[in-house]
Amino acid sequence: MEDTAININLAETRTISLEEQPFLEIQGRQELSGEVKISGAKNSALAIMAASLLCQDDCRLRNIPCLVDINRMSQLLQALGVKVQRNREILDINAVNIRSSQAPYEIVSRMRASFDIIGPLLTRLGVARVPLPGGCAIGARPVDLYLQGLQAMGANIQIESGGIVYACIPGNKGRLQGAKIYLNKPSVGATKTIMTAATLAEGETRIENAAQEPEIVDLANFCRQMGAQIKGAGTNTIIISGVERLHALDYSIIPDRIEAGTFLIAGAITRSDISLCPVIPEHLMPVIAKLNSIGCRVINEGSDRLRILPENLKAVDIETLPYPGFPTDMQAPFMALLSISEGNSIISETIFENRFRHVAELNRMGADIRVKGNHALIRGVSALSGAPVMATDLRASAALVVAGLAAEGTTIVRGLHHLDRGYENIESKLQKLGAKLQRVNSPNRQGN
Ligand code: UD1
């Protein structure tokens, strides 16, 4: 059995020029067939790893995907003094001794999800110092709702020089205090932060207008299995009764609904018959509903398998919304699909203000898409053609890969560091389905 300690390399800062970057070379228009294995959910795994800071015993996590973001979260936990060991898809975490309450800027600045440690760290140690995650390619992404929630529970919050959030439980209170908190947006990150902080608080916390995403339910199930008292996760009101201590557990992460949705689109865009397993079909309802509207057939084959069958594609309008609405993370890949669907579609992005950066790249491949404000008008074209394109964020990179699968000729996708954050072995999974693509490491990089 392979037993790998995670490598900490905070100094990996050298900028890599365009010529040095590895790229994906995709020969489009291949029909896909067969079944693809869906990995564990990245966003669940990251939140649950952060929440393992709450546990004063051993914590075993299963179905952890092998991704750059997961390595970064492991590095962050290790920097706090937590023991983390990876053995294939199992992660063993022991946070009995947390040596530091201060998260290193080098990691937090590179991954927004690392800010999720603030709730668990504060409630467990009474103090946390975490750098602000800052903006990112898809929008400003503030953390005001996270911090207001912690303040409502009695935390003192200050922003120190250098943009470091210093949070502490003041005086002799010892524990955060339960509170009634209304979120003016159903933020996933704020809901996770308040819910985890409340598990060890004194008294009852009630989160109104909470996020209802499946990853929130997974996080609540993880916390409950450690002994936390949480009711209502998956609805818009979550009630947490604080306990004094949480105990050891062995927990398996849910399958990744965004990876699964991306493969459904890969099937639809190449007019192929493919199956996906394991999945939780209910988590994909909003995506399946839109696939049905554009004319695709998606069939449930048992409780954890979906199959998509080739059909002609027609236009549909989409508005991204909090769960159970259409997920913003599927917006870019779905736009690639609509770009070759017959008729005019409108996509309205209501969650993030700058999430159309893939449009210019899809247009480079022959798509006809125009953006006005938070709306994109997509005029379906008969075919895309291969081109060199640049991924600008994680889900934009997936959009370009699926577009490349459908395009005539060769597509070169650069910016793979985005793709590697969220898609485990995407090229080998697609190759097994019959796609023709390969990762090319630039000759300039070989031997480095
Ligand atoms: C999470 C997911 C991300 C997904 C998003 C929405 C992870 C690691 N990331 O991101 O993939 O696209 O949910 O489903 O799980 N907001 C505020 N103030 C806050 C917090 C959020 O105004 O304090 C705003 C954001 O700017 C955004 C909206 O609320 O416009 C939704 O953000 P949120 O649900 O918090 O998304 P994340 O947790 O960042």
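As a reminder, the structure under discussion sits directly above these lines.
Since the model is a prediction, treat every value here as computed from it, not as a measurement.

Draft legend 1. Quick peek at the sheet that holds strand S7 (residues 127-131). A sheet is described by the order of its strands in space; here 3 strands give the open sequence S7-S9-S8, paired in antiparallel fashion. The sheet is open, and its two edges are formed by S7 and strand S8 (156-160), each paired on a single side. For this sheet the average axis-to-axis angle between neighbouring strands, irrespective of direction, equals 15 degrees. Note that S7 and strand S9 (residues 164-168) share 5 bridges and pair antiparallel. Bridging across to S9, Val 130 finds its partner in Val 165.

Draft legend 2. Main features of the layout of surface pockets. Put simply, the second largest pocket is a space of about 360 Å³. Contributing to the lining of the second largest pocket are 20 residues, with Lys 37, Ser 39, Glu 424, Asn 425 and Lys 429 lying nearest its centre. Those elements that place two or more of their residues in the lining of the second largest pocket are strand S3 (33-37) and helix H14 (426-432). Among the residues making up the lining of the second largest pocket, the classes are represented as 5 nonpolar, 6 polar and 9 charged.

Draft legend 3. Expanded view of the site of the ligand. Near the ligand there are 20 residues, and of these Asp 144, Ser 187, Val 188, Asp 329 and Ile 351 occur at the shortest range. One nitrogen or oxygen atom from the side chain of Asn 43 is found 3.1 Å from an oxygen atom belonging to the ligand. Interatomic distance of 2.7 Å between a backbone N/O atom of Leu 145 and an oxygen atom of the ligand. Contact with the protein chains removes 88% of the 740 Å² of surface that the ligand exposes when unbound. Within the residue set of the shell around the ligand, elements represented by two or more residues are helix H5 (144-152) and helix H6 (188-199). Split into classes, the residues belonging to the shell around the ligand amount to 8 nonpolar, 4 polar and 8 charged.

Draft legend 4. Structural view of the packing of aromatic side chains. For the structure shown, the criterion picks out 3 aromatic pairs. With centroids separated by 5.6 Å and ring planes inclined at 70 degrees, the aromatic side chains of Phe 115 and Tyr 146 adopt a geometry described as edge-to-face. On the criterion of sequence distance, the pair formed by Phe 115 in the loop between helix H3 (105-108) and helix H4 (118-125) and Tyr 146 in helix H5 is long-range, its members being 31 residues apart. Classification of Phe 115 as buried rests on a relative accessible area of 0%.

Draft legend 5. Main features of the pattern of salt bridges. The full count for this structure, using the stated rule, is 21 salt bridges. Arg 421 is the salt-bridge partner of Asp 69, the closest N and O atoms lying 3.0 Å from each other. Note that Asp 69 is positioned in helix H2 (residues 68-79) and Arg 421 in helix H13 (residues 416-422), a separation of 352 residues in sequence. Close ionic contact of Lys 192 with Asp 116 constitutes a salt bridge, the shortest N to O distance being 3.0 Å. One end of the pair, Lys 192, is in helix H6; the other, Asp 116, is in the loop between H3 and H4, with 76 residues separating them in the sequence. The exposure classification of Lys 192 matches that of Asp 116, with both residues buried.

Calculation criteria
Residues numbered from 1 in each chain as written. Predicted model: local features only at pLDDT ≥ 70, side-chain atom pairs only at ≥ 80, totals over all residues. Heavy atoms only, no water. Pairing = 2+ DSSP bridges. Helix = DSSP H or I, 4+ residues; strand = E, 2+ residues; numbered from the N terminus. Axes fitted to C-alpha atoms, helices over the stretch in contact; angles between N-to-C directions. 1 Å grid on protein atoms, 1.4 Å probe; cavity = no way out; pocket = protein on both sides within 12 Å on 5 of 7 lines; lining within 4 Å. Points joined across faces, edges and corners; volume = space filled by probe spheres on them. Nonpolar A, V, L, I, M, F, W, Y, C, P; charged D, E, K, R; others polar. Near = heavy atom within 4 Å. Polar contact = N/O pair within 3.5 Å; in protein donor to acceptor, adjacent residues only side chain to side chain. Areas by Shrake-Rupley, 256 points an atom, 1.4 Å probe, with all protein chains shown as cover. Phe/Tyr/Trp six-rings, centres within 6.5 Å; stacked < 30°, edge-to-face > 60°. Buried < 20%, exposed > 50% of the residue type's maximum accessible area, 1.4 Å probe, protein only. Salt bridge = Lys/Arg side-chain N within 4 Å of Asp/Glu carboxyl O.

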